[in-house]
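Letter by letter, the chains look like this.
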Amino acid sequence: EVTGPGGIFGAPDDTAPLWAMGWDKRSVILRLLDGGKWHTFRLPMGSYSHDAMGGWYTEWPRIREVTDGRFLAHMHGLFYDFPKTFGAADTGGLRAVATYTRMPVDYCAWRGQIVMTRDDASRMRNEIAGQSNSGIWFGSWSDIEDKMGSPAGNGGPWLNDDVTDGATSAPFLVRGFAEGCLHLRHASGHDVEFVIEADGDGHGGWKPTAKIQVPANGYRYHILNDELSAQWVRIRVVQAAKSVSAYFRLSNPPRAT
């Protein structure tokens, strides 16, 4: 997906930011072009079933305006409340709101409702599906936030990556999750210190929240606490390390059916 605050009507002016969503083996990727400079952010994956080799599961990530000034985004099994003000000076307000199992294709606002098209079933490599079919869903923000799945997801900025001295990861989204754990490991022959930092409101005020010493060729975990009240979390390594993984597991209590 590539869009901006003007949505399908195009950029309102030459200074408007550009938003792009994609993914790799680590997590969902959110890119921001603002003032001629690219910025990278990472979001959790709500489902690994979207990692199909053919890639068609991620054919339809979207960031669309669904009420007056309010945008809904989705990718890899999670819906997000996406702020129209998302830019380099203010990355706050973005939050996970629900998981889904159907395949959203596109959506828009219509007569006070959200109208969503879906790819409900396909016979492609799935003969037991019967007849291929798609559907249209009519609903509201409260239907998504209160009746769909509780937000949960996995992902991280590093997965078996070599990192240099003092390397700092891309910010990872934690807003919208009440529970979480960060898994850290590396394959270096020496201890490596990891520093966890949080940006409380998306204005770049990064503060350290924890320091974790991981032994040579070792592993440690960190239960997220104060970090979950922040907008973003990032990780910094004090020493260069080989095959580093920093991976989040984020969740919420289940919603009543």
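These figures come from a predicted structure and were not determined experimentally.

Quick notes on the rules
Throughout this description, residue numbers start from 1 for each chain and increase along the sequence as written. Local features are withheld for residues below a pLDDT of 70 in this predicted model, meaning they are given only at 70 or higher, and side-chain atom pairs are given and counted only at 80 or more; totals for whole chains, interfaces and linings count all residues. The basis for the side-chain values is all heavy atoms of the structure; hydrogens and waters are excluded. What makes two strands pair is DSSP finding at least two bridges between them. Secondary structure elements follow DSSP: runs of H or I no shorter than four residues count as helices, runs of E no shorter than two count as strands, and numbering proceeds from the N terminus. The convention used is that axes are lines fitted to C-alpha atoms, helices contributing only their stretch in contact, and that angles between N-to-C directions extend from 0 to 180 degrees. For this analysis, a salt bridge means a side-chain nitrogen from Lys or Arg found within 4 Å of a carboxyl oxygen belonging to Asp or Glu. What makes a nonpolar core is a set of buried Ala, Val, Leu, Ile, Met, Phe, Trp, Tyr and Cys residues whose side-chain atoms join them at distances within 4.5 Å. Burial classification: accessible surface area is computed with a 1.4 Å probe over protein chains only, and a residue below 20% of its type maximum counts as buried, one above 50% as exposed, and the rest as partly exposed. Throughout, a residue-residue contact means that at least one pair of heavy atoms, one from each residue, lies within 4.5 Å. Here a pair means two rings of Phe, Tyr or Trp (six-membered ring of Trp) with centres within 6.5 Å. Their orientation is stacked below 30 degrees between planes, edge-to-face above 60, and tilted elsewhere.

A. A look at the sheet that holds strand S19 (residues 241-251). Pairing is antiparallel in the open sheet, where four strands are placed in the order S12-S19-S14-S17. Strands at the two margins of the open sheet, each flanked by one partner only, are strand S12 (153-163) and strand S17 (219-223). Taking each pair of neighbouring strands and ignoring which way they run, the sheet shows an average axis angle of 10°. Two strands pair when backbone bridges link them, and strand S14 (residues 179-185) and S17 are joined in this way by five bridges, in the antiparallel orientation. Bridge assignment links histidine 183 to a residue of S17, and that residue is tyrosine 221.

B. Seen up close, the pattern of salt bridges. All told, the structure shown has 13 salt bridges when counted by the stated rule. Overlapping salt bridges, with partners in common, bring together Glu1, Arg62, Arg64 and Asp106 in one network.

C. Layout of the nonpolar core. Membership of the largest hydrophobic core comes to 46 residues, with the highest contact counts inside it found for Leu43, Phe82, Phe86 and Leu94. Per-element accounting of this core gives the leading share, five residues, to S19. Not counting residues up to four positions away in its chain, the partners in contact with leucine 94 are Leu30, Leu43, Tyr80, Asp81, Phe82, Pro83, Phe86, Leu173, Arg175, Gln231 and Trp232.

D. Here's a closer look at the pairing of S14. With seven bridges joining them, S14 and S19 adopt antiparallel strand pairing. Of the residues in S19, the one forming a bridge with cysteine 181 is arginine 249.

E. Structural detail: the packing of aromatic side chains. Under the criterion given, the structure shown has nine aromatic pairs. Their ring planes at 90° and their centres at 5.7 Å tell us that tryptophan 19 and phenylalanine 71 sit as a pair that is edge-to-face. Of the two residues, tryptophan 19 is situated in strand S2 (residues 18-23) and phenylalanine 71 in strand S6 (residues 70-75); the sequence distance between them amounts to 52 residues. This pair shows no difference in class: tryptophan 19 is buried, exactly as phenylalanine 71 is. Aromatic pair phenylalanine 82 and phenylalanine 86: ring centres 5.3 Å apart, planes at 50°, arrangement tilted. Each member of the pair, phenylalanine 82 as well as phenylalanine 86, is classed as buried. Ring pairing ties together the aromatic residues Trp19, Phe41, Phe71, Phe82, Phe86 and Trp232, which thus form one cluster.

Nothing here speaks to function; it is geometry throughout.
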